[in-house]
Amino acid sequence: MLFATEQANKPFNVSLLSFGVIAAGGLACILGGYLSERLGVRQVARGALALSGVCCLLLPLLFFYAPPPLFIGFLFFWGMVVVMDSPLFSTLVAKNADPAVKGTALTIVNCIGFGLTIVSIQLLTGLLEVIGLVYVFPLLAIGPVLGVLAVRR
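For every chain, the first residue of the written sequence is number 1, and numbering continues from 1 onward in sequence order. Local features in a predicted model are, by the rule used here, given only for residues with pLDDT of at least 70; side-chain atom pairs are given and counted only at 80 or more, and totals for whole chains, interfaces and linings are based on all residues. For the side-chain quantities, the full set of heavy atoms in the structure was used; hydrogens and water were omitted.

1. Examining the environment of V109
Part 1 of the reasoning: Counting from the N terminus, the helices are DSSP H or I runs at least four residues long and the strands are E runs at least two residues long. Relative to the assigned elements, V109 resides in helix α4 (residues 102-130).
Part 2 of the reasoning: Each residue is placed in one exposure class: buried if its accessible area under a 1.4 Å probe, protein chains only, is under 20% of its type's maximum, exposed if it is over 50%, and partly exposed if it falls in between. Residue V109 is classed as partly exposed on the basis of its relative accessible area of 28%.
Part 3 of the reasoning: For the pair V109 and S86, spaced 23 residues apart in sequence, the C-alpha to C-alpha distance is 9.4 Å.

2. A word on the nonpolar core
A general feature of soluble globular proteins is that nonpolar side chains tend to end up buried together.
Part 1 of the reasoning: Formed by 13 residues in total, the largest nonpolar core has its most connected members in C55, L59, L62, F71, F74, W78 and F137.
Part 2 of the reasoning: At the level of elements, α2 (41-65), α3 (68-96) and α5 (133-140) are the ones that each hand at least two residues to this core.
Part 3 of the reasoning: Residues belong to a common nonpolar core when they are buried Ala, Val, Leu, Ile, Met, Phe, Trp, Tyr or Cys residues joined through side-chain atoms within 4.5 Å. Core analysis: the next-biggest nonpolar cluster, separate from the first, contains eight residues, V41, A48, M84 and L88 among them.

3. Section: α3
Part 1 of the reasoning: Here the expected length of a helix is defined as 1.5 Å per residue gap, with one fewer gap than residues. Over its 29 residues, α3 runs 43 Å from end to end, which matches the ideal 42 Å to within 8%, given 1.5 Å per residue.
Part 2 of the reasoning: Elements that come into contact with the buried residues of α3 comprise α1 (14-39), α2, α4 and α5. Residue contacts are counted whenever heavy atoms from the two residues lie within 4.5 Å of one another.

4. Quick word on the state of the cysteines
Part 1 of the reasoning: When two cysteine sulfur atoms lie within 2.5 Å, the pair is treated as a disulfide. This structure, assessed with the given rule, holds zero disulfides.
Part 2 of the reasoning: In this structure C29 is not part of a disulfide, and its nearest cysteine sulfur, from C55, lies 15 Å away.
Part 3 of the reasoning: Given a relative accessible area of 27%, C29 falls into the partly exposed group.
Part 4 of the reasoning: No disulfide involves C55; its nearest neighbouring cysteine sulfur is the one of C56, lying 7.2 Å away.
Part 5 of the reasoning: Taking the relative accessible area as the measure of exposure, C55 reaches 2% and is therefore buried.

5. Quick word on the packing of α2 against helix α6 (residues 142-152)
Part 1 of the reasoning: For helices, the fitted line uses only the C-alpha atoms of the stretch in contact; every axis is such a line through C-alpha atoms, and the angle between N-to-C directions lies from 0 to 180 degrees. Closest axis-to-axis distance for the α2/α6 pair is 8 Å, and the angle between their directions is 160°. As far as their axial angle goes, α6 and α2 are roughly antiparallel. In this structure, α2 meets α6 at a crossing whose hand is left-handed. Across from R42, R46, L49, A50, S52 and G53 in α2, the residues of α6 making contact are P144, G147, V148, V151 and R152.
Part 2 of the reasoning: Counted by class, the contact of α2 with α6 contains five nonpolar, three polar and three charged residues. We call two directions roughly parallel when the angle between them is under 35 degrees, roughly antiparallel when it is over 145, roughly perpendicular when it lies between 65 and 115, and oblique otherwise. Crossing handedness is defined as follows: a turn of the near helix away from the far one that is anticlockwise and smaller than a right angle gives a left-handed crossing, while the clockwise case is right-handed. Lys, Arg, Asp and Glu make up the charged group, whereas Ala, Val, Leu, Ile, Met, Phe, Trp, Tyr, Cys and Pro make up the nonpolar group; the residues left over, Gly among them, are polar.

6. Quick word on the packing of α1 against α3
Part 1 of the reasoning: With their axes 7 Å apart at the nearest point, α1 and α3 run at an angle of 45° to one another. What the angle tells us is that α1 and α3 run oblique. When you trace α1 past α3, the crossing you get is right-handed. Across the interface between the two elements, L17, G20, V21, A24, G25, A28, C29, L31, G32 and S36 of α1 pack against I72, L75, F76, G79, M80, V83, M84, P87 and L88 of α3.
Part 2 of the reasoning: Residue classes in the contact of α1 with α3 are distributed as 14 nonpolar, five polar and no charged.

Pasting the structure below:
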């Protein structure tokens, strides 16, 4: 049992919550598109990356000390910002790449993104066994920090 409500002492439906967090990410991609029309693609991508990094840093604190409803709300928020930047990077590439290599550029960017995701998940799993949750998730903030710096240029 991951969490239990204090009132009813019943476990949360983790499968349903996981689905909701993932679905929130899909909705965030739509929201990111609308925001990028008003604020600019680069600014929204940078903001989503920064918020994702902040979530990496806050996770241990909220995991141990936040009441379950707040922690679940945090997971929904993180589920949104962690994927919001991906279609925005594709948009930046599509807008800025030479038409002759646009398809190749989009393929490379998507492969790098998925590759980083796979490596991060594998690294996270291995490190969890060695150093524990409190130290692993803050390390993931390195990725969004590097992404924010890359988008600045």
